[in-house]
Structure formats: C-alpha cells, structure tokens
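Architecture at a glance
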Amino acid sequence: MKLAEMVPSAPEAAPLARLVVQAGVGWAVGGLPQTVGADRRGTDAPWDYLPLLSMKKRYENAGLRLAVIEARPPLARAKRGLDGRDAEIDAVCTLLENMGRLGIPVWCYEWMSDFNWLRTDTAVPSRGGSLVSGYDHALMQQAPPVEAGPISEDELWENLEYFLRRVVPVAEKAGVKLAMHPDDPPISPVRGVGRIMRSVDNFQRLLDLVPSPVNGITLCQGNFRLMTDDIPAAIRKFGEQGKIFFVHFRDVRGTVENFVETWHDDGPTDLYECLRTYREVGFDGPMRPDHVPTVEGDSNVNPGYSLYGRLFALGYIRGLMEGVERDGRAGTRPAQADRDGALSVG
C-alpha cells in the first residue's frame, strides 16, 4: 500500500508538500495543472501534455511521485447527456492519453451531476473543540431544486454508459486506471438530482456496465461506511476482483441521512481490520487520508483539509500500516485495544 496525500498543484502549496515529505509520505494525489502561471504553456488546456509534464516535475522536485489525478475536466454536459458532451469527453480522452505518456497511473473521477460533495455544517464541534463536517438530510430537503431541473437515476446510468464506452478503450491503451468515487453523501435524490454511485450493488453494476481491467473504484471509506456496516466485506468483494484502484481512508458516525466526520481513531469502523483486509486481497495502490478535523492553531477556511489534522491522520495511518505489515509477515493478529486502552485478544 502506498501512503499518499492530496497536495494541490499550485506552487504556493510547496510548504504542504515539504510537510508531507517530512512526515514520510512519498506519493502525491494531485489536481489538474494551473491554467495560468507555472504550468501555462501558450494556449494549452490543463489536460494537455506540457502543463501535465510541468506539474508532474514540480511534484518530483518536491520529493513526491504523482500517483493519482483527482480532478476532472468539465463534465456537466456529459453527466446530463446534453449537446456538447462529446467535446467534454474528448478532453477526458486527451487527459488519459497524456497521463499514460507521463506514467500517471490512476484517474479518480465521479458521476455527481450539478454539484459535488455536500455538507449542511462544516463546523461541527468534535474532540477537544476541533471541528468536523456533518450532513443532515432533513435540512437539505428545504433546499431549492437545481436550476437545470431534475435528472433521474436511469438517465445518469445511460449517460455513464455512453461516457465509459468512449473513455474505457482510451484508458486501456494508455494504461490508466479509472477509479470511480462514490456520491457524497450516497443518497438519492438531492435537490431533484438523482445519485447513482451510492450502494455496494451499484458499484458492482458500474464494473459490469463496461467490463475492463481499467474500470474500477475509489473506495472512499466514509461513503462506504454509510452504504454498509461491513467495510471489510466490501473490500474483499471488490479487492478480490482487482477493482480497488485508490482508497480514501476516513470514517463517519451516523446514518446516510444524518452523519458527522470523525477523527481516524474515534469512529465506529475497525480501521486496523480494514487495512488487514486490503493486505489480504493484495491491494498495493495509493491510499490517502481524507476529511480530517480542523484542530487548534489551524484554519477552517478549507474544511476537512486542516494542515495539522493531516499530520495526525498520516501518523495514525502509518502506524496502522506498520502494524498490519509486521503482523502479516509474522502470520498473527495482535491483541486489540478497546477505547479505554484495555487489551482483549481478537
């Protein structure tokens, strides 16, 4: 498993890059290149070769290897099946071709129409006065419908199949893996907009829709925790098919209709067991923490991405990874500690 961290591609993110390298991280999850400044090359778009090359070299100069691009060209028309979608899909194909040329192995994308991840509160008090985000579907029910009007789940599936039939052959030729991220929250509809990547069964439907070695998933554990109480079973299901290409390692407490983010060591999920299962199914891809608390001395301007909160998450995950690797080599499972620190044999 490759411990990674989301590091923005902007040159001003250099202090964050230095910090994660100092924390022992060797892999970066990046966005698209800047359209002005350091990565701009004439009239090139962010998904063209030279801007991507410039961005990749900047990561490498900082001591990080670029494992994933977790950003998308515009896809609003493609998701809704509107005129102009083929031009949007062409841009994705260009991105995948150039990722292949540059050896960037994974593209993380999503199929949330009109809006991305949603929260109704980004300053929920948590441990020691730290801040986390939360979602209350009852409050979202009062939100006005989106300007573009409703779209059904059936339409989204139809448009997704059209998209995949265009991009999968390109990704296969480029050697780039397509890692679908879940809807966040995984509930449908929201503001009249259907959401389809919201259940374990629907993720299997995605894989069966256009079968290919490059058609896979981003297993975002916070979202999967709201789909199932047994994340290790989901890891086995998709890991044994070789379809987990990228992991967001996080946890939530509550239900799909009302939940809050948690500290990595304070959620309901047995994260050691999750990591043990990833190792068991042979997952060796990138994994990054996500949606960390905002802690004392840091800013909540970008909720979920506190600088100091990341350090706690990275250290915690590194410790779990080391334990899983050592126990795996020894062929044993360790005694597990309860929340009070008492040991019980698992």
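For the structure given in this document, a descriptive report is provided here.

What counts as what
- Residues numbered from 1 in each chain as written.
- Predicted model: local features only at pLDDT ≥ 70, side-chain atom pairs only at ≥ 80, totals over all residues.
- Heavy atoms only, no water.
- Helix = DSSP H or I, 4+ residues; strand = E, 2+ residues; numbered from the N terminus.
- Rg over C-alpha atoms; globule rule 2.2 N^0.38 Å.
- Buried < 20%, exposed > 50% of the residue type's maximum accessible area, 1.4 Å probe, protein only.
- Contact = heavy atoms within 4.5 Å.
- Areas by Shrake-Rupley, 256 points an atom, 1.4 Å probe, with all protein chains shown as cover.
- Lys, Arg positive; Asp, Glu negative; His and termini not counted.
- Charge placed at Lys NZ, Arg CZ, Asp CG, Glu CD.
- Pairing = 2+ DSSP bridges.
- Axes fitted to C-alpha atoms, helices over the stretch in contact; angles between N-to-C directions.
- 1 Å grid on protein atoms, 1.4 Å probe; cavity = no way out; pocket = protein on both sides within 12 Å on 5 of 7 lines; lining within 4 Å.
- Points joined across faces, edges and corners; volume = space filled by probe spheres on them.
- Nonpolar A, V, L, I, M, F, W, Y, C, P; charged D, E, K, R; others polar.
- Core = buried A, V, L, I, M, F, W, Y, C linked by side-chain atoms within 4.5 Å.
- Disulfide = S-S within 2.5 Å.
- Right-handed = clockwise from strand over helix to strand, strands pointing away.
- Expected span 1.5 Å × (residues − 1).
- Bend = angle between axes of the 7 residues up to and from the residue.

Across its full length, the protein holds 11 helices and 14 strands. Relative to a compact globule of 346 residues, whose C-alpha radius of gyration would be 20 Å, the protein shows 20 Å and is just as compact. Projecting the C-alpha coordinates of the protein onto the three principal axes gives extents of approximately 60 × 45 × 40 Å. When burial is assessed residue by residue, the protein has 53% of its 346 residues classed as buried. Counted over contacts in the protein with a minimum sequence separation of 6, partners at least 24 positions apart contribute 72%. Accessible surface for the protein amounts to roughly 14,800 Å². Of this, 50% is attributable to carbon and sulfur atoms. Of the side-chain charges in the protein, 39 are positive and 47 negative, and the distance between the mean point of each set is 5 Å.

For the rest of this paragraph, the subject is the sheet that holds strand E11 (residues 258-261). Strand order in the open sheet formed by four strands is E5-E6-E11-E10, and the pairing between neighbours is antiparallel. Edge positions in the sheet fall to strand E5 (121-125) and strand E10 (252-255), since each has one partner strand and no second. Looking at each pair of strands side by side, their axes are set apart by 25 degrees on average, direction ignored. Pairing of E10 with E11, which is carried by four bridges, proceeds in the antiparallel orientation.

What follows deals with empty space enclosed by the protein. Evaluated as defined, the whole model comprises two cavities of 30 Å³ or more. What the largest cavity holds in volume is close to 50 Å³. Looking at the largest cavity, the residues that line it are Thr122, Leu131, Val132, Ser133, Glu261, His291, Val292, Thr294, Asn300, Pro303 and Gly304. If you tally residues by element for the lining of the largest cavity, the top one is strand E6 (residues 131-136), at three residues. Grouping the constituent residues of the lining of the largest cavity by class yields four nonpolar, six polar and one charged. Taken as a whole, the second largest cavity encloses approximately 40 Å³ of empty space.

Here we take up the nonpolar core. Formed by 88 residues in total, the largest nonpolar core has its most connected members in Trp107, Leu160, Phe163, Leu164 and Tyr278. Ranked by residue count, the leading element in this core is helix H6 (residues 153-174), at nine residues. Excluding residues that lie within four positions of it along the chain, Tyr278 makes contacts with Met1, Leu219, Gln221, Ile235, Ile244, Val247, Phe249, Phe283 and Met287. Grouped together as the second largest cluster of nonpolar side chains are 11 residues, Met6, Ala67, Val68 and Phe246 included.

This brings us to the sheet that holds strand E1 (residues 2-6). Strand order around the closed barrel formed by eight strands is E1-E2-E3-E4-E7-E8-E9-E12, with parallel pairing between neighbours. Looking at each pair of strands side by side, their axes are set apart by 30 degrees on average, direction ignored. In this sheet, strand E9 (residues 244-249) lies alongside strand E8 (residues 215-220) in parallel orientation, the contact comprising four bridges. Considered in E9, the bridge of Thr218 is made with Phe246. Relative to strand E4 (residues 106-109), helix H4 (residues 85-102) is tilted by about 150 degrees, and along the sheet it contacts strand E3 (65-69), E4 and strand E7 (177-180). Where H6 meets the sheet, it contacts E4, E7 and E8, and its direction lies at approximately 150 degrees from that of E7.

Scanning the entire structure with this criterion turns up zero disulfides. Cys93 takes part in no disulfide bond, and the closest cysteine sulfur to it belongs to Cys108, at a distance of 18 Å. Cys108 forms no disulfide, and the closest cysteine sulfur to it belongs to Cys220, at a distance of 8.6 Å. You can call Cys108 buried: its relative accessible area is 1%.

Residues Trp27 and Val29 point to one face of strand E2 (residues 27-30) and Ala28 and Gly30 to the other, with burial holding for every one of them. Both E1 and E2 contribute to a ladder of three bridges, which runs parallel. Residue pairing across strands places Glu5 opposite Ala28, the latter belonging to E2. After leaving E1, the chain enters helix H1 (residues 14-22) and then returns to the sheet as E2, a path that is right-handed. Here E2 pairs with E3 via four bridges, running parallel. Bridged to Ala28 within E3 is Leu66.

Quick look at H6 now. Across its 22 residues, H6 extends 30 Å between first and last C-alpha, which sits within 8% of the 32 Å expected from 1.5 Å per residue. Of all the bends in H6, the greatest, near 30 degrees, is centred on Val167, and the proline Pro169 appears no more than four residues after it. Buried residues belonging to H6 abut helix H3 (76-80), H4, E4, E7, helix H7 (200-209) and E8.

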